[in-house]
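Coordinate inspection notes
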Amino acid sequence: QVQLVESGGGLVQAGGSLRLSCTGSGLTFTWYAMGWFRQAPGKEREFVAAVGWSGEITYYQDSVKGRFTMSRDNAKNTVYLQMNSLKAEDTAVYYCAADFRGLYGLDNVNRYDYWGQGTQVTVSS
C-alpha cells in the first residue's frame, strides 16, 4: 500500500519560513517524480513545485520562484519544500504527490498517481 505522509505545516508570520517534508512508503521512490500542490479554501488545487526522479531537475510556479526550494533525498524516500519569505497568499493546504516515471507536464495535477493527506500552512499578515 502506497502512502505519502506530509509534515511540517503550521502557523507563521509573513516573511517567515517553513520546511515541509513528505515521506513515501510502499513504492520504489526513485521511479517517481514528486510534486507539491496547494489548495486554498474555495480555490482549485494548484501546482507549486516538482522534482524529477534524480533530483537534478526542478520546476516551480512563477509566484514561488526565488522563495521556495524543492529537493529530494532518495535514501530517505523523502522530498522537502523549503518555503522562505512567506506571504499571506501562500496560505493553503499543501499536498505532495507521486508521478510514476514522470518527465514532462509535472505541473498537471491529473498526472499524479498518489497523493498525501495534506498539511496546513497558515501565514498571518
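Read on for a plain summary of the structure.

Parameters and conventions
Residues numbered from 1 in each chain as written. Predicted model: local features only at pLDDT ≥ 70, side-chain atom pairs only at ≥ 80, totals over all residues. Heavy atoms only, no water. Salt bridge = Lys/Arg side-chain N within 4 Å of Asp/Glu carboxyl O. Buried < 20%, exposed > 50% of the residue type's maximum accessible area, 1.4 Å probe, protein only. Helix = DSSP H or I, 4+ residues; strand = E, 2+ residues; numbered from the N terminus. Lys, Arg positive; Asp, Glu negative; His and termini not counted. Polar contact = N/O pair within 3.5 Å; in protein donor to acceptor, adjacent residues only side chain to side chain. Contact = heavy atoms within 4.5 Å. Phe/Tyr/Trp six-rings, centres within 6.5 Å; stacked < 30°, edge-to-face > 60°. Disulfide = S-S within 2.5 Å.

Applying the stated criterion across every chain yields a total of 5 salt bridges. Across the salt bridge formed by R38 and E46, the nearest N and O atoms sit 2.6 Å from each other. For E46, a relative accessible area of 33% puts it in the partly exposed group. Between R111 and D99 there is a salt bridge whose closest N-O contact spans 2.8 Å. Taken together, the residues span a long stretch of sequence, with R111 in the loop between β9 (92-100) and β10 (114-115) and D99 in strand β9 at a distance of 12 residues. Judged by relative accessible area, D99 falls into the buried class, the value being 2%. Overlapping salt bridges, with partners in common, bring together R38, E46, R67 and D90 in one network.

Within the secondary structure layout, R72 lies in strand β7 (residues 68-73). One buried charged residue, R72, forms no salt bridge at all, with the nearest opposite charge on D73 at 8.3 Å. A polar atom in the side chain of R72 sits 2.9 Å from the backbone oxygen of G52. Once residues lying within four places of it in the same chain are set aside, the contact partners of R72 are F29, T30, Y32, A33, M34, V51, G52, W53, S54, G55, T78 and V79.

In this section: the packing of aromatic side chains. Applying the stated criterion to the full structure yields 7 aromatic pairs. For the pair W31 and F100, a centre-to-centre distance of 6.2 Å together with 70° between the ring planes defines the contact as edge-to-face. Of this pair, W31 sits in the loop between β3 (18-25) and β4 (32-39) while F100 sits in strand β9, and the two are 69 residues apart along the sequence. By relative accessible area, which is 41% here, W31 ends up partly exposed. For F100, a relative accessible area of 37% puts it in the partly exposed group.

This brings us to the state of the cysteines. By definition, a disulfide links two cysteine residues through a covalent bond between their sulfur atoms. Evaluation of the coordinates by the stated rule reveals 1 disulfide. Here C22 pairs with C96 through a disulfide, and the sulfurs are 1.9 Å apart. Disulfide C22-C96: torsion about the S-S bond near 45°, hence right-handed. Residue C22 is located in strand β3, and its partner C96 is located in strand β9; the two are separated by 74 residues in the primary sequence. Note on C96: relative accessible area 0%, which makes it buried.

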